[in-house]
Amino acid sequence: MLIKLRNKFLFLMFGLTSAGLITAFLAVYAISYFKTASEINDKLNFHEELEVTAAGSVALGSEKTDAVIINRIFPDRGIYFNLLTNEKGKVLVIDSALKLPLEDYELAARRAWKEHKNETVKIGGRLWQYKITPASALLILDNESVSNGETYQIRFVDVTEAKKSLIILRNTLLLMGSVLLAAFYIMSVYFSNRAIKPMKETWENQQRFIADASHELKTPLSIISANLDVLYANKDETIASQLKWLDYASKGVKRMSGLVQSMLALSKAETENTLLNKSAVNIGNILNDTVSLFKITADDKNITIERHIPAEVTAFTYPALIEQCIHILIDNAVRYTPRNGTINILLDKTKSIVLLKIENSGRGISEYDLPKIFDRFFRSDTSRTDGGHGLGLSIAKTGIEKLGGSIEVISIENKKTIFTVKIPV
């Protein structure tokens, strides 16, 4: 499911980016192409009149032709030449400022006349675009008008550089487009993976949570089931004689009830928006009140609780959530401090954060177990053997992170464990 979601996100992100990029590149190429085509078309279609008054054959170097040759230059028209032909394609007039061999002019006329539908021909190593139009030609020879019948003008415009420029532009756009699409694809994969990462983690956490919860619930359910089986097997016995089995079943029910409550608390902390009533909270008062709740338990174990709590340490935060987190941490400290041990509670405040340290003596947490201390249902053999559910610190960590803070733990085996909490003021 998550893979399909990622692929859809990838397709959407990459597809939109590709469509935008291709559209932009096509627009650039189309604008350049039509602009070039328009300029060439203007050169092919500009109108001019030419009156020829020369008589006889004209020599071009050692070559001779019956055609009249005229040399004119129009700098603003680019490189071009005109050929005036009769209805059979024979060259009558060569109007050119270029020094091309006569054979090239005649070849150009033949190709253009033969390949009437084509727009370009290659002559003299150059590419020429041509256009054939009917022409009205009157040659004045020896001051007498001589009609040459139906005539045609073939105009040839040099488009070599223009076509090269379009090819270069096309290849450049293709290369840049390929590189950019590859880069966009890599970026799309990266960002789609990043976008789906929280969902993937949530999904994996949910699956792990269900698996762990199912495993944890098996123990109390097994206890209840086993003791009920004993009771069913002794139907004739009195209730008083079966109290031992009832007590065992009752303990299983209580354990399961506590586990369910912890699971609900964790689920609520992770999924619901419980941060509704933000206000100025005196954290010192919450700490003192919470310590008072555990005084009897601490006294039973002869635990000394040393407090360094200033009178006024406040933060603008969420009272219910911070009370829950502090309760879990104090309970954890009292629970895992051995008899005759010590708990130190230090509260301080800077301009930006409230700093809370809870240190308790004891066996500590092994280096191997320390990274797992906030995992759900984790119970270390050396520091968490009291039969707890292994959800308290997970709930505390989730709550503190919802407050925008952080929690860290340092432990020295056989000496002490220190939890450090930072909460934004």
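It should be emphasised that the depicted structure is a prediction, and the values quoted were computed from it without experimental measurement.

Procedures and definitions
Residues numbered from 1 in each chain as written. Predicted model: local features only at pLDDT ≥ 70, side-chain atom pairs only at ≥ 80, totals over all residues. Heavy atoms only, no water. Patch = residues over 30% accessible without salt bridge, like charges linked within 9 Å, V, L, I, M, F, W, Y side chains within 5 Å. Areas by Shrake-Rupley, 256 points an atom, 1.4 Å probe, with all protein chains shown as cover. Salt bridge = Lys/Arg side-chain N within 4 Å of Asp/Glu carboxyl O. Helix = DSSP H or I, 4+ residues; strand = E, 2+ residues; numbered from the N terminus. Buried < 20%, exposed > 50% of the residue type's maximum accessible area, 1.4 Å probe, protein only. Phe/Tyr/Trp six-rings, centres within 6.5 Å; stacked < 30°, edge-to-face > 60°. Polar contact = N/O pair within 3.5 Å; in protein donor to acceptor, adjacent residues only side chain to side chain. Contact = heavy atoms within 4.5 Å. Core = buried A, V, L, I, M, F, W, Y, C linked by side-chain atoms within 4.5 Å. pLDDT = per-residue confidence, 0-100.

## Some thoughts on a nonpolar patch on the surface
On the surface, a cluster of nonpolar side chains totalling about 300 Å² of accessible area is made up of Met187, Tyr190 and Phe191. Residue placement: Tyr190 occurs in helix H3 (residues 160-233). What makes Tyr190 partly exposed here is its relative accessible area of 45%.

## Notes on the packing of aromatic side chains
In this structure the tally under the stated criterion is eight aromatic pairs. Relative to Phe34, the ring of Tyr33 lies with its centre 5.5 Å away and its plane at 80°, an arrangement referred to as edge-to-face. Here the aromatic rings of Trp113 and Tyr152 are separated by 5.2 Å at their centres, their planes lie at 70°, and the arrangement is edge-to-face. On the criterion of sequence distance, the pair formed by Trp113 in helix H2 (residues 102-114) and Tyr152 in strand S10 (residues 151-158) is long-range, its members being 39 residues apart.

## Here we look at the side chain of Thr160
As for its position among the elements, Thr160 is in helix H3. Side chain to side chain, Thr160 and Asp158 meet in a polar contact 2.7 Å long. Among residues more than four places away in sequence, those in contact with Thr160 are Arg126 and Leu127.

## Considering the nonpolar core
If you look at the biggest cluster of nonpolar residues, it comprises 38 residues, and the most contacted ones within it are Leu287 and Ile330. At the level of secondary structure, the elements contributing two or more residues to this core comprise helix H5 (283-293), helix H7 (319-336), strand S14 (342-349), strand S15 (353-361), helix H8 (392-402), strand S16 (406-412) and strand S17 (416-424). Per-element tally for this core: the top contributor is H7, with eight residues. Excluding residues that lie within four positions of it along the chain, Leu287 makes contacts with Ile309, Ile326, Ile330, Ile345, Leu347 and Leu356. Core analysis: the second largest hydrophobic core is formed by 17 residues, Val91, Leu102, Tyr105 and Ile123 among them.

## Examining the confidence of the model for the protein
Here the protein shows a mean pLDDT of 78. Residues at 70 or above account for 78%. Every residue in residues 54-62 scores below 50 in pLDDT, and together they form 14 contacts with partners more than four places removed in sequence or on other chains. Counting contacts from residues 140-148, a segment whose pLDDT is below 50, to residues more than four positions away or on other chains yields 15 contacts.

## Side note on the pattern of salt bridges
Applying the stated criterion to the full structure yields six salt bridges. In this structure, the salt-bridge partner of Glu161 is Arg126, at a minimum N-O distance of 3.7 Å. Remark: Arg126 occurs in strand S7 (residues 126-135) and Glu161 occurs in helix H3; sequence separation between them is 35 residues. Look at Arg126 and you get partly exposed, because its relative accessible area is 27%. Connected through shared salt-bridge partners, Arg126, Asp158 and Glu161 make up one network.

## With respect to the environment of Phe191
Mapped onto the fold, Phe191 is located in helix H3. You can call Phe191 partly exposed: its relative accessible area is 36%. C-alpha of Phe191 to C-alpha of Arg6: the two residues are 185 residues apart in sequence and 9.8 Å apart in space. Residues within four places of Phe191 in sequence aside, it is in contact with Phe9 and Met13.

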